[in-house]
Amino acid sequence: MADWKRGVRRVLYPAYEARMLRRMPGNLPKHIGVMLDGNRRWAKAVGRDTAHGHRAGAANIEPLLGWCDDVGIEVVTLWLLSTDNLNRPAGELEPLLEIIADAVDSLADQRRWRLHPVGALDLLPAATAKRLKAAAEATADVDGMIVNVAVAYGGRREIADAVRSLLTEHAARGTSLEELAQQIDIEHIEEHLYTKGQPDPDLVIRTSGEQRLGGFLLWQSAKSEFYFCEAYWPDFRRVDFLRAIRAYAQRERRFGA
């Protein structure tokens with residue numbers, strides 16, 4: 001992009017964003033899920049290696065959380081690494097896990113947000129899982145926005161884990177399979193999800209132009225609104241975020257009625 005265009009945007013966008021904030025409707029989402037997609041394609045587009053793209057993506061997490069604070073979001077779920085991503089070559093996966101752990105450590109050090117790892121942490125290297133759990137413990141008393149950090153996360157795996165946890169719980173109580181089959185309902189499964197006790201996401205944002213969920217919050221997003229943004233995650237700006245929030249607020253949510 002020409003330098004003069006960048007200069008014009010630096011001047012105009014702050015005023016445009018301030019205007020959008022002033023005119024923001026009141027029916028804002030409480031819980032936002034964000035699929036931080038496009039780091040590798042962004043790196044390729046700028047002629048850098050994959051790790052550079054992941055670092056640029058990690059650097060954009062804190063600004064996003066600040067934007068969420070600005071409009072009063074209560075819960076944010078960030079999908080940083082899927083279970084499928086664990087199959088990537090070690091040369092890419094190992095640096096990525098370190099970048100994720102460093103980013104989570106940095107968020108925890110600020111003590112602005114309550115961090116909650118969600119995912120199959122048992123699939124991660126022990127050192128990575130330990131750092132994620134330590135971040136959760138260090139921020140457990142923080143009175144701020146809840147930030148779910150989805151690492152080694154897959155929607156199908158979450159549902160399987162929830163059912164497994166439910167069966168284990170009832171086996172310990174001595175409940176027979178026949179009794180459980182008669183009792184089980186949606187609420188019983190929800191009590192064993194990674195996000196138990198939290199509201200379902202009102203809005204799910206995916207960057208990079210892809211228009212699919214890919215397994216993100218499969219159970220919880222049954223009634224969510226979706227917003228797909230063309231920008232790769234490292235290029236996702238505050239104005240893009242505000243546009244997503246505005247688009248959500250303009251929709252009429254009928255919940256099947």
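The preceding data block contains the structure.
First things first, this report covers the structure right here in the doc.

Reading the values: the criteria
- Residues numbered from 1 in each chain as written.
- Predicted model: local features only at pLDDT ≥ 70, side-chain atom pairs only at ≥ 80, totals over all residues.
- Heavy atoms only, no water.
- Buried < 20%, exposed > 50% of the residue type's maximum accessible area, 1.4 Å probe, protein only.
- Helix = DSSP H or I, 4+ residues; strand = E, 2+ residues; numbered from the N terminus.
- Pairing = 2+ DSSP bridges.
- Right-handed = clockwise from strand over helix to strand, strands pointing away.
- Phe/Tyr/Trp six-rings, centres within 6.5 Å; stacked < 30°, edge-to-face > 60°.
- Core = buried A, V, L, I, M, F, W, Y, C linked by side-chain atoms within 4.5 Å.
- Contact = heavy atoms within 4.5 Å.
- Salt bridge = Lys/Arg side-chain N within 4 Å of Asp/Glu carboxyl O.
- Axes fitted to C-alpha atoms, helices over the stretch in contact; angles between N-to-C directions.
- Parallel < 35°, antiparallel > 145°, perpendicular 65-115°, else oblique.
- Left-handed = near helix turned anticlockwise from the far one by under 90°.
- Nonpolar A, V, L, I, M, F, W, Y, C, P; charged D, E, K, R; others polar.
- Patch = residues over 30% accessible without salt bridge, like charges linked within 9 Å, V, L, I, M, F, W, Y side chains within 5 Å.
- Areas by Shrake-Rupley, 256 points an atom, 1.4 Å probe, with all protein chains shown as cover.
- Lys, Arg positive; Asp, Glu negative; His and termini not counted.
- Charge placed at Lys NZ, Arg CZ, Asp CG, Glu CD.

Things to note about the pairing of strand S4 (residues 146–153)
Across the eight residues of S4, eight count as buried, placing the element largely inside the fold. Taken together, the seven bridges between strand S2 (residues 75–82) and S4 define a ladder with parallel strand orientation. Considered in S4, the bridge of tryptophan 79 is made with alanine 150. Direction of pairing for strand S3 (residues 114–118) relative to S4: parallel, over a ladder of five bridges. By the bridge assignment, valine 118 is partnered in S4 with alanine 150. In this view, the connection linking S3 to its parallel neighbour S4 by way of helix H6 (residues 126–138) has left-handed handedness.

Notes on the packing of aromatic side chains
Ring pairs (aromatic) are described by centroid distance and by the angle formed between their planes. Here the structure, examined in full by the defined rule, presents eight aromatic pairs. Measuring from centroid to centroid gives 6.2 Å for tyrosine 153 and phenylalanine 216, while their planes differ by 80°, and the two rings are edge-to-face. Residue tyrosine 153 is located in strand S4, and its partner phenylalanine 216 is located in the loop between strand S5 (203–206) and strand S6 (225–228); the two are separated by 63 residues in the primary sequence. On the numbers, 6.5 Å between centres and 10° between planes, the contact of phenylalanine 226 with phenylalanine 228 is stacked. Residue phenylalanine 228 is classed as partly exposed on the basis of its relative accessible area of 32%. Aromatic rings pair up to connect Trp67, Trp233, Phe236 and Phe241 into one cluster.

Focus on the nonpolar core
Residues Leu64, Leu65, Leu78, Leu81, Leu124 and Phe241 are the most contacted members of the largest nonpolar core, which totals 48 residues. Among the elements that line this core, the one with the most residues is helix H5 (residues 90–110), at seven residues. Not counting chain neighbours up to four residues away, the residues in contact with phenylalanine 241 comprise Ile32, Leu64, Trp67, Cys68, Val71 and Phe236. Met35, Ala150, Tyr194 and Val204 belong to the second-largest nonpolar core, a separate cluster that totals 10 residues.

Re the pattern of salt bridges
Under the counting rule described, the total for this entry stands at 19 salt bridges. Arginine 131 is the partner of aspartate 105 in a salt bridge, and the nearest nitrogen-oxygen pair spans 2.5 Å. You can see aspartate 105 sitting in helix H5 and its partner arginine 131 sitting in helix H6, a full 26 residues away along the chain. For aspartate 105, a relative accessible area of 25% translates into the label partly exposed. With a closest N to O distance of 3.2 Å, arginine 157 and aspartate 122 form a salt bridge.

With respect to the packing of helix H3 (residues 50–59) against H5
Running from N to C, H3 and H5 point in directions that differ by 15°, and their axes come no closer than 10 Å. As far as their axial angle goes, H5 and H3 are roughly parallel. Here the hand of the crossing between H3 and H5 comes out right-handed. For the pair H3 and H5, contact is made by Thr50, Ala51, His54, Arg55 and Ala58 and by Glu92, Leu96, Ile99 and Ala103, respectively. Considering only residue class, the contact of H3 with H5 consists of five nonpolar, two polar and two charged.

Points about a negative patch on the surface
A grouping of Asp185, Glu187, Glu190, Glu191 and Asp200 is seen on the molecular surface, where their side chains present a negatively charged patch. Tracing the backbone through its elements, the reader meets glutamate 191 in the loop between helix H9 (186–190) and S5. On the basis of relative accessible area, glutamate 191 is assigned to the partly exposed category, the value being 47%.

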